[in-house]
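Examining the three-dimensional arrangement
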Amino acid sequence: MELRSVDELMDLLHACRGGGTAPDRDRGAPVDSREHALQTAALLRRGRPADKELQVAGLVHAIGQLLRPGDDTGHADLAADSVRPLLGERVARLVRLHALGADDLVRMHAGGWADATLVEDVLALRHADEAGWTPGVDAGVLEDWRTVLELVSDRARATHHSPGA
Ligand SMILES: [Fe+2]
């Protein structure tokens, strides 16, 4: 499924609730998946205020679980494919790579498949993803992100449609 509009994405993120305890955490924090998405994005906004694409990647990184519930394999690829037409190649790449282990990232870097900046960005996303499971944190509401999503989307479309790009 490819997301075609910010509204469509917002609807999907709105539906994103429940069942969202940290996957590899035995204490199962009572943070639902929408809250987790908001916390991940908010942490990236704090750490990397100028990088809207990275923040948006944090917001959408887990929509794969929603698109295909119960299927743990390929979530990151699925999420990346669905956001690529709307949010662009960089957001899609960050979402796809965030699920890789640190060793894989190091290997990609060593093999010339990922430059240092990309590895750094993916690690920032991973850290926010891991930290974004804190119960009781007020990370705002989805609507706060609409303008940023529209900005990233407009930019992605402009890049995509520009001649020679
Ligand atoms: Fe996550």
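Cut-offs applied
- Residues numbered from 1 in each chain as written.
- Predicted model: local features only at pLDDT ≥ 70, side-chain atom pairs only at ≥ 80, totals over all residues.
- Heavy atoms only, no water.
- pLDDT = per-residue confidence, 0-100.
- Helix = DSSP H or I, 4+ residues; strand = E, 2+ residues; numbered from the N terminus.
- Donors = N, O, S within 2.8 Å, 3.2 Å for Na, K, Ca; no water.
- Buried < 20%, exposed > 50% of the residue type's maximum accessible area, 1.4 Å probe, protein only.
- Salt bridge = Lys/Arg side-chain N within 4 Å of Asp/Glu carboxyl O.
- Axes fitted to C-alpha atoms, helices over the stretch in contact; angles between N-to-C directions.
- Parallel < 35°, antiparallel > 145°, perpendicular 65-115°, else oblique.
- Left-handed = near helix turned anticlockwise from the far one by under 90°.
- Contact = heavy atoms within 4.5 Å.
- Nonpolar A, V, L, I, M, F, W, Y, C, P; charged D, E, K, R; others polar.
- Arc of directions from axis to C-beta.
- Expected span 1.5 Å × (residues − 1).

In the nomenclature of an unreviewed UniProt entry, the protein chain is known as HD domain-containing protein of Streptomyces phaeolivaceus.

Quick look at the confidence of the model for the protein chain
Summing up the model confidence of the protein chain, the mean pLDDT is 88 and the portion of residues at 70 or higher is 87%. No element of the protein chain has a lower mean pLDDT than helix 4 (residues 63-67), which averages 82, and none a higher one than helix 3 (residues 52-60), which averages 98.

A word on the coordination of the iron ion
Within the protein, the atoms that donate to the iron ion are His36 (NE2), His61 (NE2) and Asp129 (OD), at distances of 2.0 to 2.2 Å. Every donor residue of the iron ion comes from the same chain, spaced as H-x24-H-x67-D. Here the residue histidine 36 occupies a position in helix 2 (residues 33-47), and aspartate 129 occupies one in helix 8 (residues 116-131), the gap between them amounting to 93 residues. Assessed through its relative accessible area of 3%, histidine 36 is described here as buried.

Notes on the pattern of salt bridges
Applying the stated rule across the entire model yields 12 salt bridges. Between arginine 146 and aspartate 7 there is a salt bridge, with its nearest N and O atoms 2.7 Å apart. Residue arginine 146 is located in helix 9 (residues 146-161), and its partner aspartate 7 is located in helix 1 (residues 6-14); the two are separated by 139 residues in the primary sequence. Residue arginine 48 pairs with aspartate 51 through a salt bridge whose shortest N-O separation is 3.6 Å. Since its relative accessible area comes to 14%, aspartate 51 is described here as buried. Taken together, the shared-partner salt bridges connect Arg48, Asp51, Glu53, Arg90 and Asp121 into one network.

Quick word on the packing of helix 2 against helix 8
Following both chains from N to C, one finds helix 2 and helix 8 inclined at 135 degrees, their axes separated by 8 Å at the closest point. Taken together, the axis directions place helix 2 and helix 8 in an arrangement best described as oblique. Our pair here, helix 2 against helix 8, has a crossing hand that is right-handed. Counting all contacts with helix 2, which are made through His36, Gln39, Thr40, Leu43 and Leu44, the residues of helix 8 involved are Ala124, Leu125, Ala128, Asp129 and Ala131. Each residue belonging to the contact of helix 2 with helix 8 can be placed in one class, and the counts come to six nonpolar, three polar and one charged.

What to know about helix 1
Residues that lie three or four places apart on an α-helix share one face, since the helix turns once every 3.6 residues. Along helix 1, the residues that are buried comprise Val6, Leu9, Met10, Leu12 and Leu13. Along the axis of helix 1, the buried positions cluster into a sector of 160 degrees, meaning they face one direction only.

Thoughts on helix 5 (residues 75-87)
With 13 residues, helix 5 should cover 18 Å at 1.5 Å per step; its first-to-last C-alpha distance of 17 Å lies within 8% of that length. Phi turns positive, to about 95 degrees, at glycine 88, one or two residues after helix 5.

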